[in-house]
Amino acid sequence: MIFLRRQLPLLITLVTGLLFAAQYYVPHPASEQMLTSATKWMQIVGGFALILGVTSLFHQHAVKIKRHEAGWGYSLVLYVGMLGTIVVGLWANGKESIDGTMTAFGWVYNFMMVPLQGTMFAILAFFIASAAYRSFRARSREAAVLLVAAVIVMMGRVPLGEYLIPLSGDVSSWILNVLNSSVRRAILIGVSLGAIALSFKIIFGVERSYLGGGKE
């Protein structure tokens with residue numbers, strides 16, 4: 001019984017993986033129906049996983065606020081924001097806001113979430129500029145090539161750069177569409193091969209970390 005209990009998840013993974021791998025190449029109504037049913041179950045499981053994640057987040061920040069740990073004020077703001085958004089979404093969704101042009105939930109999103117996102121990206125811009133300055137130092141030939149390519153692309157992406165250097169737009173497009181595309185394809189091929197290898201390892205029981213343990 002202990003052996004069966006240990007091997008049952010691996011057997012289920014093996015059968016499910018091979019079944020859905022075969023389903024991709026079998027355009028039969030039964031296989032399409034099976035995929036539809038599995039997709040619906042995945043949505044249900046995803047919904048419960050979302051509920052579990054939100055509950056865990058509420059509990060974590062509630063404990064932090066109760067104990068007055070470092071930064072608990074930010075947790076309080078997050079807590080109030082989450083509760084307020086949930087209340088608005090459940091009880092005021094579909095009702096028009098004060099100006100009568102959008103729903104109450106849309107008002108919260110447009111006038112609270114969007115400005116906060118803009119502020120966050122504005123703050124990140126300084127860190128990105130600092131990281132770009134450190135990365136683009138021409139300490140080697142490769143770094144010099146990266147620096148020249150980055151300057152050309154930046155000059156070709158803005159109207160002022162094309163006005164100062166007319167050829168920068170065409171050169172920038174060539175770098176993005178030819179050189180960058182070839183590198184991106186190579187990265188995607190490598191990632192795809194890695195995903196395929198990992199999928200085979202999971203299907204055949206070599207990789208078992210998703211069960212809470214390592215390789216055996």
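Here, every reference points to the structure presented above.
Q: Mind showing me how you'd approach a nonpolar patch on the surface here?
A: On the surface, Leu18, Ile189, Leu193, Ile196, Phe200, Phe204 and Val206 cluster together into a nonpolar patch covering about 700 Å² of accessible area. Of the residues forming the nonpolar patch, the biggest block, four residues, is contributed by helix α7 (residues 168-203). Mapping phenylalanine 204 onto the fold places it in the segment after α7. Its relative accessible area of 52% is what places phenylalanine 204 among the exposed residues.

Q: Before we go on, may I ask you to explain the pattern of salt bridges in this structure?
A: Here the idea is simple: oppositely charged side chains can pair when their charged atoms come close. Taken as a whole and judged by the stated rule, the model has one salt bridge. A salt bridge links arginine 67 to glutamate 69; the shortest N-O distance between them is 3.9 Å. On the basis of relative accessible area, arginine 67 is assigned to the exposed category, the value being 60%. By relative accessible area, which is 33% here, glutamate 69 ends up partly exposed.

Q: What is the right way to look at the environment of histidine 68 in this model?
A: Within the fold, histidine 68 resides in the loop between α2 (29-67) and α3 (72-91). On the accessibility criterion, histidine 68 (53% relative accessible area) is exposed. Within polar-contact distance, the side chain of histidine 68 engages the backbone oxygen of isoleucine 65 at 3.0 Å.

Q: Explanation requested: the packing of α2 against α3 in the structure shown.
A: The relative placement of two packed helices comes down to the angle between their axes together with the axis-to-axis distance. It is the contact of α2 with α3, at a shortest axis distance of 9 Å, that shows an interaxial angle of 140 degrees. With respect to each other, α2 and α3 are oriented oblique. Once α2 is placed against α3, the crossing between them reads as left-handed. Contacts from Leu57, Phe58, His61, Ala62, Lys64 and Ile65 of α2 reach α3 at Trp72, Ser75, Leu76, Leu78, Tyr79, Met82, Leu83 and Ile86.

Q: Where do I start with the side chain of serine 181 in this structure?
A: Position of serine 181 among the secondary structure elements: in helix α7. The exposure class assigned to serine 181 is buried, which follows from its relative accessible area of 7%.

Q: Could you clarify how one ought to interpret helix α5 (residues 141-157) in this entry?
A: Since the α-helix packs 3.6 residues into each turn, any two residues three or four apart lie on the same face. Its 17 residues give α5 an end-to-end C-alpha distance of 24 Å, which sits within 8% of 24 Å, the value for a rise of 1.5 Å per residue. On the buried face of α5, the contacting elements are α6 (159-164) and α7.

Q: I keep staring at the packing of aromatic side chains and nothing clicks. Help me out?
A: To describe a pair of aromatic rings, you give the distance between the ring centres and the angle between the ring planes. Within this structure, the stated rule accounts for four aromatic pairs. Measuring from ring centre to ring centre gives 5.4 Å for tryptophan 107 and phenylalanine 111, while their planes differ by 35 degrees; the resulting arrangement is tilted. Taken as a pair, tryptophan 107 and phenylalanine 111 lie in helix α4 (residues 104-135) at a separation of four residues, close to a single helical turn. Ring centres of phenylalanine 200 and phenylalanine 204 lie 6.1 Å apart, and the angle between their planes is 10 degrees; this geometry places the pair in the stacked category.

How each quantity is defined
- Residues numbered from 1 in each chain as written.
- Predicted model: local features only at pLDDT ≥ 70, side-chain atom pairs only at ≥ 80, totals over all residues.
- Heavy atoms only, no water.
- Patch = residues over 30% accessible without salt bridge, like charges linked within 9 Å, V, L, I, M, F, W, Y side chains within 5 Å.
- Areas by Shrake-Rupley, 256 points an atom, 1.4 Å probe, with all protein chains shown as cover.
- Salt bridge = Lys/Arg side-chain N within 4 Å of Asp/Glu carboxyl O.
- Helix = DSSP H or I, 4+ residues; strand = E, 2+ residues; numbered from the N terminus.
- Buried < 20%, exposed > 50% of the residue type's maximum accessible area, 1.4 Å probe, protein only.
- Polar contact = N/O pair within 3.5 Å; in protein donor to acceptor, adjacent residues only side chain to side chain.
- Axes fitted to C-alpha atoms, helices over the stretch in contact; angles between N-to-C directions.
- Parallel < 35°, antiparallel > 145°, perpendicular 65-115°, else oblique.
- Left-handed = near helix turned anticlockwise from the far one by under 90°.
- Contact = heavy atoms within 4.5 Å.
- Expected span 1.5 Å × (residues − 1).
- Phe/Tyr/Trp six-rings, centres within 6.5 Å; stacked < 30°, edge-to-face > 60°.

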